[in-house]
Amino acid sequence: ERIEIIPGHIPITYNQKVASIITFFQKEGRNSFQKWLNRMSQYKPIILPILEEEGVPPELFYLAMIESGLNPKAYSRAHAAGMWQFISSTAKLYGLNRTWWIDERRDPEKATNAAGAFLKDLFLEFDDWYLALAAYNSGSARVNRAMNLHQTTEFWRLNSLPRETRNYVPTYLAAAIISRNPERYGFTSPTSSKISLDEVLIEKSADLTVLARCADISVKKLKQINPELRQFATPPDQSYTLKLPAGKIEAFTAAFNALPENSRFAPQYRQHRVRSG
C-alpha cells in the first residue's frame with residue numbers, strides 16, 4: 001500500500017483494491033472511462049474554481065466522474081439527478097430548486113456549489129475525507145453505525161458498509177489516479193476545451209424553438225448548454241438567465257427584439273388552486 005499525502009488535499013491511496021478497479025477501467029470499463037476523460041477538459045475549468053471557492057480539495061472533481069461520468073443529465077434508479085447525483089431532499093437542503101420547468105441539480109455550476117457545501121459539511125462531521133466520501137454515497141447514519149460497530153474510524157476496516165460504499169472510495173481513487181496521467185494507463189488525454197458561454201436575461205417565458213432560432217443554433221444545442229431546463233420553454237412568471245455560446249449575444253438580441261411580442265414569448269400561464277365557491 002502507498003499513500004500520497006499533500007496537506008489540504010485528499011490522500012491518494014494505492015492498494016490492491018484500487019489496483020483491481022484500475023484494471024477494470026483499463027479493460028471492461030475502458031470505453032466508459034474514455035468518455036469521462038473526454039468530458040473532463042470541458043467541465044474542469046467550470047468546476048475547479050467553484051470547489052476552490054467552497055474551500056474543498058480540487059480532487060473532489062473526480063467524484064463527479066464516478067457519480068455521473070460528468071453528465072449533467074444523468075439520472076439514476078434512486079431518482080438522483082445531475083452531475084453530482086443529488087436526491088431531491090438533499091438538493092433542497094442545499095438550495096437546489098426543482099419545479100415542473102427547471103431542475104437545478106442538472107446545472108453544473110449550481111450543483112457544484114451545492115456539492116462543495118455538502119462535502120464540506122461531511123468533512124466537518126467526520127474529519128476524514130474517505131469517511132466523508134462514504135457518507136456522500138450511503139449517508140452519515142450508516143457510516144456512523146459502521147464506525148461504532150467496528151470501533152474504528154479507518155474506512156478500510158468498515159466491512160459492514162454496503163458493498164457499493166466499500167467499492168465507492170477505491171473507485172474514486174482509481175479515477176483520480178488514472179485521470180492525472182491517462183497515457184500511463186493506456187487512455188488518450190482529452191483534447192476538447194471548455195465551452196465559452198455568455199448569458200442573456202429573458203424577461204418572460206419564451207419558447208426554446210424561438211430562442212434557438214434567434215441564436216442561430218439548434219434546440220438540442222440550446223438544451224445541452226442549459227441542462228436545467230426540463231420543458232421546451234423557460235419558466236413562467238419570472239425572468240430567466242439563459243446561456244448562449246460566446247459571441248452570440250449581440251446577434252441574438254437583435255433577432256429576438258425584432259420579433260413581435262406574441263412571437264417572442266410563449267403563452268403565459270398562471271396556476272390556480274381550486275377552492276370551495
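What counts and what doesn't
- Residues numbered from 1 in each chain as written.
- Predicted model: local features only at pLDDT ≥ 70, side-chain atom pairs only at ≥ 80, totals over all residues.
- Heavy atoms only, no water.
- Phe/Tyr/Trp six-rings, centres within 6.5 Å; stacked < 30°, edge-to-face > 60°.
- Helix = DSSP H or I, 4+ residues; strand = E, 2+ residues; numbered from the N terminus.
- Buried < 20%, exposed > 50% of the residue type's maximum accessible area, 1.4 Å probe, protein only.
- Arc of directions from axis to C-beta.
- Salt bridge = Lys/Arg side-chain N within 4 Å of Asp/Glu carboxyl O.
- Core = buried A, V, L, I, M, F, W, Y, C linked by side-chain atoms within 4.5 Å.
- Contact = heavy atoms within 4.5 Å.

S.K.: Whenever I open this one, the packing of aromatic side chains confuses me. Can you help?
M.R.: Ring pairs (aromatic) are described by centroid distance and by the angle formed between their planes. Going through the model one piece at a time under the given rule, you end up with 13 aromatic pairs. Seen in terms of ring centroids, Phe33 and Trp36 are 5.4 Å apart; in terms of plane orientation they differ by 50 degrees. Their pairing is tilted. With Phe33 and Trp36 both in helix α2 (residues 30-54), this residue pair falls 3 residues apart, about one helical turn. Summarising the burial analysis for this pair, Phe33 and Trp36 share the class buried.

S.K.: Explain unusual backbone geometry here, please?
M.R.: Glycine aside, the phi torsion of most residues is negative, and most peptide linkages are trans. Residue His79 is not a glycine yet carries a positive backbone phi of 65 degrees. Looking at the secondary structure, you find His79 in the loop between α3 (61-68) and α4 (88-93). Assessed through its relative accessible area of 48%, His79 is described here as partly exposed. A positive phi angle is found at Gln85, which is not glycine, with a value near 55 degrees. Examined against the element boundaries, Gln85 turns out to sit in the loop between α3 and α4.

S.K.: What is the right way to read helix α7 (residues 140-150) from this model?
M.R.: One turn of the α-helix equals 3.6 residues, which is why residues spaced by three or four share an orientation. All of the buried residues in α7 are Ser140, Val143, Ala146 and Met147. Along the axis of α7, the buried positions cluster into a sector of 130 degrees, meaning they face one direction only. Exposed side chains of α7 directed beyond 90 degrees from the buried face belong to Arg145, Asn148 and Leu149. Following α7 by one or two positions, Gln151 adopts a phi angle in the positive range, close to 55 degrees.

S.K.: I would appreciate a short explanation of the pattern of salt bridges in the present structure.
M.R.: Where side chains of opposite charge bring their charged atoms close, a pairing between them can arise. Counted according to the given criterion, the structure contains 8 salt bridges. In this structure, the salt-bridge partner of Glu104 is Lys110, at a minimum N-O distance of 3.3 Å. A residue is classified by how much of its surface remains accessible, and Glu104, at 11% relative accessible area, is buried. As a salt-bridge pair, Glu228 and Lys110 come within 3.2 Å of each other at their nearest N and O atoms. Highlighted residues: Glu228 in the loop between α10 (219-225) and β4 (240-245) and Lys110 in helix α5 (residues 108-126), separated in sequence by 118 residues. Using a relative accessible area of 3% as the deciding quantity, one classes Glu228 as buried. Lys110 sits in the partly exposed class, given a relative accessible area of 34%.

S.K.: In this structure, what is going on with the nonpolar core? I would like to understand it.
M.R.: Most often, soluble globular proteins keep nonpolar side chains buried together rather than apart. Core analysis: the largest hydrophobic core is formed by 60 residues, its most contacted members being Trp84 and Tyr136. Counting only elements with at least two residues in this core, the list comes to α1 (16-26), α2, α3, α5, α6 (129-138), α7 and α8 (163-180). For this core, the element with the highest residue contribution is α8, accounting for 9 residues. Beyond its immediate stretch of four places on either side in the chain, Tyr136 contacts Leu63, Glu67, Trp84, Phe86, Ala115, Phe118, Leu119, Leu122 and Tyr168. Ile217, Leu222, Phe252 and Phe265 belong to the second largest nonpolar core, which has 19 residues in total.

Nothing here speaks to function; it is geometry throughout.
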